[in-house]
Amino acid sequence: MSEPAWRVVLLLAGAFREGVDTLHAELAEQGHPEARPLHGFALQAVGARGCTINELGQRLGVSKQAAAKTAAGLEKAGYLAREPVPGDRRAVLLRRTPRADDLLAASEAGFEHVAQRWRRELGAARYDDLVDALTRIAGDGPLGDLPGWLTQRPSS
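What counts as what
- Note that residues are indexed from 1 along each chain, following the sequence as it is written.
- It should be noted that, the model being predicted, local features are given only for residues of pLDDT at least 70 and side-chain atom pairs only at 80 or more, the latter also being counted only at that level, while totals for whole chains, interfaces and linings use all residues.
- With hydrogens and water stripped out, all remaining heavy atoms of the structure feed into the side-chain values.
- Helix axes are fitted only over the stretch in contact, all axes being lines through C-alpha atoms; the angle between N-to-C directions runs from 0 to 180 degrees.
- Secondary structure follows DSSP: runs of H or I at least 4 residues long count as helices, runs of E at least 2 residues long count as strands, and numbering of each begins at the N terminus.
- What sets the label is the angle itself: under 35 degrees gives roughly parallel, over 145 gives roughly antiparallel, 65 to 115 gives roughly perpendicular, and the rest give oblique.
- Put simply, a crossing is left-handed when the front helix is turned counterclockwise from the back one by less than a right angle, and right-handed when it is turned clockwise.
- Between two residues, a contact is recorded if the distance between any of their heavy atoms is within 4.5 Å.
- Amino acids outside the nonpolar list (Ala, Val, Leu, Ile, Met, Phe, Trp, Tyr, Cys, Pro) and the charged list (Asp, Glu, Lys, Arg) are all regarded as polar, and Gly is one of them.
- Between the first and last residue of a helix there are one fewer steps than residues, each counted as 1.5 Å, and that sum is the expected span.
- For every residue, the predictor states its confidence as a pLDDT score lying anywhere from 0 to 100.
- Paired strands are those between which DSSP finds at least two bridges.
- The criterion is simple. A nonpolar core is a set of buried Ala, Val, Leu, Ile, Met, Phe, Trp, Tyr and Cys residues joined through side-chain atoms within 4.5 Å.
- Between buried and exposed lies partly exposed: a residue is buried under 20% and exposed over 50% of the maximum accessible area for its type, with that area taken using a 1.4 Å probe on protein chains only.
- Any carboxyl oxygen of Asp or Glu that lies within 4 Å of a side-chain nitrogen of Lys or Arg is treated as forming a salt bridge with it.

### Quick look at the packing of helix H2 (residues 37-46) against helix H3 (residues 53-60)
Here comes step 1: Two numbers describe how H2 lies on H3: the axes approach to 9 Å, and their chain directions differ by 120°. Accordingly, the angle class assigned to the pair H2 and H3 is oblique. Considering the relative orientation of H2 and H3, their crossing is right-handed. Across the interface between the two elements, Phe-41, Ala-42, Ala-45 and Val-46 from H2 touch Leu-56, Arg-59 and Leu-60 from H3.
Here comes step 2: Residues of the contact of H2 with H3, tallied by class, amount to six nonpolar, no polar and one charged.

### Concerning helix H6 (residues 124-138)
Here comes step 1: A rise of 1.5 Å per residue sets the reference length of H6, with its 15 residues, at 21 Å; its end C-alpha atoms lie 21 Å apart and thus fit the reference within 8%.
Here comes step 2: Residue Gly-139 follows H6 closely and has a positive phi angle near 75°.

### Considering the confidence of the model for the chain
Here comes step 1: Summarising the model, the chain shows a mean pLDDT of 89, and 88% of its residues fall at 70 or more.
Here comes step 2: In the model, residues 149-156 has pLDDT below 50 throughout and makes two contacts with residues more than four positions away in sequence or in other chains.

### Overview of helix H4 (residues 64-76)
Here comes step 1: Counted at 1.5 Å a residue, the expected span for H4 with its 13 residues is 18 Å, and the 18 Å between its end C-alpha atoms agrees.
Here comes step 2: With its phi angle positive at about 90°, Gly-78 sits one or two positions after the end of H4.

### Section: the pairing of strand S2 (residues 80-85)
Looking down a regular strand, the side chains alternate between one sheet face and the other.
Here comes step 1: The pairing of S2 with strand S3 (residues 88-96) spans six bridges and is antiparallel. Within S3, the position partnered with Val-85 by the bridge is Asp-88.
Here comes step 2: Once S2 ends, the chain turns through two residues before running back antiparallel as S3, passing Gly-87 with a positive phi of about 85°.

### Things to note about the nonpolar core
Generally speaking, nonpolar side chains in soluble globular proteins are found buried as a group.
Here comes step 1: By size, the foremost hydrophobic cluster in this structure holds 22 residues, and its most contacted members are Leu-43, Leu-56, Tyr-79 and Leu-80.
Here comes step 2: Among the secondary structure elements, those contributing two or more residues to this core are helix H1 (5-29), H2, H3, H4 and helix H5 (98-122).
Here comes step 3: Not counting chain neighbours up to four residues away, the residues in contact with Leu-43 comprise Leu-74, Tyr-79, Leu-80, Arg-96, Ala-100, Leu-103 and Leu-104.

### Digging into the packing of H5 against H6
Here comes step 1: Two numbers describe how H5 lies on H6: the axes approach to 6 Å, and their chain directions differ by 120°. Taken together, the axes of H5 and H6 lie oblique to each other. The way H5 lies across H6 gives a crossing that is right-handed. Between H5 and H6, the contacting residues are Ala-115, Trp-118, Arg-119 and Leu-122 on the first element and Ala-124, Arg-126, Tyr-127, Asp-128 and Leu-130 on the second.
Here comes step 2: Grouping the amino acids of the contact of H5 with H6 by side-chain chemistry returns six nonpolar, no polar and three charged.

### Side note on the sheet that holds S2
Here comes step 1: Taken in spatial order, the three strands line up as S1-S3-S2 in an open sheet, and their pairing is antiparallel. The open sheet has two edge strands with one neighbour each: strand S1 (51-52) and S2.
Here comes step 2: Contacts from H2 reach S1, S2 and S3, with the element oriented near 120° to S3.
Here comes step 3: Relative to the sheet, H4 contacts S2 and S3, its axis offset from that of S2 by approximately 120°.

### Quick notes on the pattern of salt bridges
Here comes step 1: Overall, the coordinates contain nine salt bridges when judged by the stated rule.
Here comes step 2: The residue Arg-99 makes a salt bridge to Glu-34 at a minimum N-O spacing of 2.7 Å. Placement of Arg-99 in helix H5 and of Glu-34 in the loop between H1 and H2 is noted, with a sequence separation of 65 residues between them.
Here comes step 3: Owing to a relative accessible area of 28%, Arg-99 belongs among the partly exposed residues under this scheme.
Here comes step 4: For Glu-34, a relative accessible area of 26% translates into the label partly exposed.
Here comes step 5: The salt bridge partner of Asp-128 is Arg-119, with a shortest N-O separation of 2.8 Å.

Structure representation (structure tokens):
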């Protein structure tokens, strides 16, 4: 029996949500209860060298105001620090803190735990087939720009 097409897409979204929720429960147990899915995207966008709020907005595909709000929340949670930009008194450089690096490392390990559980539940061959199928469906485009993608209108 074949599932209706709309349900297949919702099942994919549900699997994504289950993985993210499981990850965030693990992160909370490891001392990051305030971490949210957007935080990982934003901290990756800040990068190891840091960036300005304008650059953060461009990298995430959001407005400067949305980037500033995200940065403020990350700073309040101890994941970002602000530094002056040499030669530009108005600009501020956002830098990841050691707490942010800990969150990103814990997140990477947590995603591995989610994938290992899925592999156990499905069996290695079915899991590998699932990954191959999803890779074919997702195509060669960027996968890491979800925040920007979520704010864009579909192309016609």
